[in-house]
Amino acid sequence: MARIVAVTGNEAVAEALKQINPDVCAAYPITPQTDMMQRFAGFVSDGKVKTEIILVESEHSSMSACIGASAAGGRVITATSSQGLALMWEMLFIASGLRLPIIMPVVNRALSAPLNIHGDHSDAMGARDAGWIQLWSENTQEAYDNTIQAFRIGEHMDIRLPVIICLDGFIISHSIERIEYIEDSDVRNFVGDFKAVNPLLDIRHPVSYGPLILPDYYMEFMRAHAEPMAKVPKVVLDVAKDFEKISGRKYGLFEAYRLDDAEIGLVILNSAAGTSKDVIDEFRNKGIKAGLLKPRLYRPFPYAEVGEALKHLKAVCVLDRADAFGGSFGPVFIDIAASLYPYKERPFLINKIYGLGGRDYLPEHAALVLDELAEIVKTGKVKTFKEYIGVRE
Amino acid sequence: MAENVEVRWHGRGGQGTVTAAKVFADACLSGGRYVQAFPEYGPERSGAPLRAYNRVSSKEIRLHCPVLKPNIVVVADPTLLDALDVTEGTPDNAVFIINSSLEPKVIREKLKARPSQKVFTVDATKIAVECFGRAMPNSPLVGALSKISGLISLDAILDDVKKSFSKKFSQKVIDGNLEAAKRGYGEVREG
């Protein structure tokens, strides 16, 4: 029987980690992740999990300790935000290059300077090409569910890659929502026992991690690394099917909301997708065929599937909660543009940057964007391809 | 009261306003409802004005933004009435619950509430001081909100006050808060 509770995003993810009971957790506190790891450390102190906590002096060290513990053969977790993820950057590539299935919730927060602790996707976008799988979560329920599924995905024998689970700082991490917890035994059975691959602690079968590879083989190694990444979408879908059996909740590579017959649509990650869906419904009630696509598996990005889901629309706006300076478009926009490029007939595509540093994303913002898309369809003309919304200019 | 309620709390840091929003959300879970409770995060300083929000609905709540048109506004600190406009964004049928020792009529005039809006007062600070010796108005206000919103019974809210406070406080403090919530429920008056 599912337990219905009202909890914060941080509390829910900490609960999932408790139910999974990993071997090692090496973490360093940073707002808004702190409260998640504090709760988990409480579970360790109270003997509710058998996890060994390693207290470290920085995030560079926490990821280093995770890499060591994972290579040794353990099921390993950490969590971070913002500057913490930025400080891990060097080690992120080592975790993925060594094929270590470390699981890391990232509570999305803006990057400094100027210093800001609020919700923003700049942190995870910086780790987008680090070889980690990324799952994004609209709300507390999805953050909890994605955390549980992340272990099965990352630890799958065809994959063996680290996974980041994204949830919006404060908007989700510190807000209480109604969610359903799955029974401990169901979560444990679903995730299963950890199977170590070439563990360092298996001293009868000594192995080396992180050797030097010069130009003669480095490129072959990197090419081979693309193979497990290519298999991720199928595994994500298989795991989602099994997850539905224990939870009743369906997950895909992305959520397509009222998209089948849509003429205009939004593409948007995480919590702002929920707010947008309410506005999509209002437009539908007015007879305007609006829809929404919310990426879930953001790395590897399912280009073909996303392109197929969007190609029939007339105009699409991609909303990014992270900017790419230097005259470029936001990161999600670039991926959506690449998804649609192969099609001769494709929608008009515009980009809006919203919600930086925790700026509120309101229903009226979604409505303005949808009105603009309807206008583009009517006139066949795009006035501005990239624009900032909800900002004083 | 409708099955889709949005509450805005106005308080000052340290008055337990955020806790009150949490307790109310938790109590509203019963009956299969969906709930949200979240503060507006800023620099968290004791005494600084803050807002917190609740959404309660029979349907899944997908909005993840501040409540802009609250059905119910709860003011935990009467001095805030001089500092900010607590009626901002309120619809014609909005309800105000103000912690004040003044007559509801006086508060109604001060708020310039529209005739269709309802104004209630409860002397939450006095109740709190009498029940557990501290000027923490949150428990009486949660009691008053339960009654006015009609969403939950007094017993349900008392259960949740007990659950929420038992993690941190002694039996004496819990009993005081239960009494305070009961009195808030009983003593809230319309003007």
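In what follows, the accompanying structure is described.

The rules behind each value
Residues numbered from 1 in each chain as written. Chains lettered and ligands numbered in written order. Predicted model: local features only at pLDDT ≥ 70, side-chain atom pairs only at ≥ 80, totals over all residues. Heavy atoms only, no water. Pairing = 2+ DSSP bridges. Helix = DSSP H or I, 4+ residues; strand = E, 2+ residues; numbered from the N terminus. Axes fitted to C-alpha atoms, helices over the stretch in contact; angles between N-to-C directions. Parallel < 35°, antiparallel > 145°, perpendicular 65-115°, else oblique. Left-handed = near helix turned anticlockwise from the far one by under 90°. Contact = heavy atoms within 4.5 Å. Nonpolar A, V, L, I, M, F, W, Y, C, P; charged D, E, K, R; others polar. Buried < 20%, exposed > 50% of the residue type's maximum accessible area, 1.4 Å probe, protein only. Buried area = accessible area lost by both parts, 1.4 Å probe. Salt bridge = Lys/Arg side-chain N within 4 Å of Asp/Glu carboxyl O. Core = buried A, V, L, I, M, F, W, Y, C linked by side-chain atoms within 4.5 Å. Domains from an automatic or database assignment.

### Description of the sheet that holds strand β15 (residues 386-388) of chain A
All names here are of chain A.
- One open sheet accounts for six strands, arranged β9-β11-β10-β13-β14-β15; its pairing is mixed. Only two strands of the sheet have a single neighbouring strand rather than two, namely β9 (254-257) and β15. Across this sheet, the average inter-strand angle for adjacent strands is 20°, counted without regard to direction.
- Note: strand β10 (residues 264-267) against strand β11 (residues 290-295), four bridges, orientation parallel. Following the sheet pairing, G265 is matched in β11 by G291.

### Comments concerning the sheet that holds strand β1 (residues 4-12) of chain B
- Sheet architecture is open: nine strands sit in the order β1(A)-β8(A)-β2(B)-β3(B)-β1(B)-β4(B)-β5(B)-β6(B)-β7(B), paired in mixed fashion. Strands with a single pairing partner mark the edges of an open sheet, and in this sheet they are β1 (3-8) of chain A together with β7 (189-190) of chain B.
- Here strand β5 (residues 95-99) of chain B pairs with strand β6 (residues 118-122) of chain B via five bridges, running parallel. From the neighbouring strand, N99 of chain B faces β6 of chain B, where its bridge partner is V122 of chain B.

### Considerations on the packing of helix α6 (residues 154-166) of chain B against helix α7 (residues 171-187) of chain B
Residues and elements named next belong to chain B.
- The contact between α6 and α7 brings their axes to 10 Å, and the two run at 150°. When the axes of α6 and α7 are compared, the pair comes out roughly antiparallel. The way α6 lies across α7 gives a crossing that is right-handed. Two secondary-structure elements touch here, α6 through L154, L158, V161, K162, F165 and S166 and α7 through I174, N177, L178, A181, K182 and Y185.
- Its residues placed into classes, the contact of α6 with α7 shows eight nonpolar, two polar and two charged.

### Some remarks on the pairing of strand β4 (residues 72-75) of chain B
All names here are of chain B.
- Both faces of β4 are covered, namely the face carrying I72 and V74 and the face carrying V73 and V75.
- As paired elements, β1 and β4 share four bridges and run parallel to each other. Residue pairing in the sheet places V7 in a bridge with I72 of β4.
- Sheet topology places β4 next to β5; four bridges connect them, and they run parallel. Paired with I72 across the bridge in β5 is V95.

### Focus on the interface of chain A and chain B
- With 25 residues of chain A in contact, the opposing surface of chain B contributes 19 residues.
- The junction of chain A with chain B conceals about 1,800 Å² of combined surface from both sides, 58% of it contributed by carbon and sulfur atoms.
- Sorting the residues of chain A by area buried against chain B places I176, R178 and D278 of chain A first, and these three jointly supply 31% of that buried surface.
- Taken together, the connections running from chain A to chain B amount to two salt bridges.

### Some details on the nonpolar core
- With 96 residues, the main nonpolar core has M63, I148 and I336 of chain A as its most contacted residues.
- The element contributing the most residues to this core is helix α8 (residues 218-247) of chain A, with seven residues.
- Per-domain counts for this core show at least three residues from each of domain 1 (3-247) and domain 2 (254-388) of chain A.
- Dropping the residues within four chain positions of it, I148 of chain A is found in contact with A16, Q19, I20, I182, V187, F190, V191 and F243 of chain A.
- In terms of nonpolar packing, the next biggest core, distinct from the first, is built from 47 residues, V23, L29, L145 and A180 of chain B among them.

### A closer look at the pairing of strand β7 (residues 163-168) of chain A
Residue and element names in this part refer to chain A.
- With six of its six residues buried, β7 lies for the most part within the structure.
- By the alternation rule, side chains of β7 split into V163, I165 and L167 and I164, C166 and D168, which are all buried.
- Direction of pairing for strand β5 (residues 103-108) relative to β7: parallel, over a ladder of six bridges. Looking at β7, one finds that P105 is bridged to I165.
- Note that strand β6 (residues 133-136) and β7 share four bridges and pair parallel. Within β7, the position partnered with Q134 by the bridge is I164.

Read these as layout, nothing more, since geometry by itself doesn't imply function.
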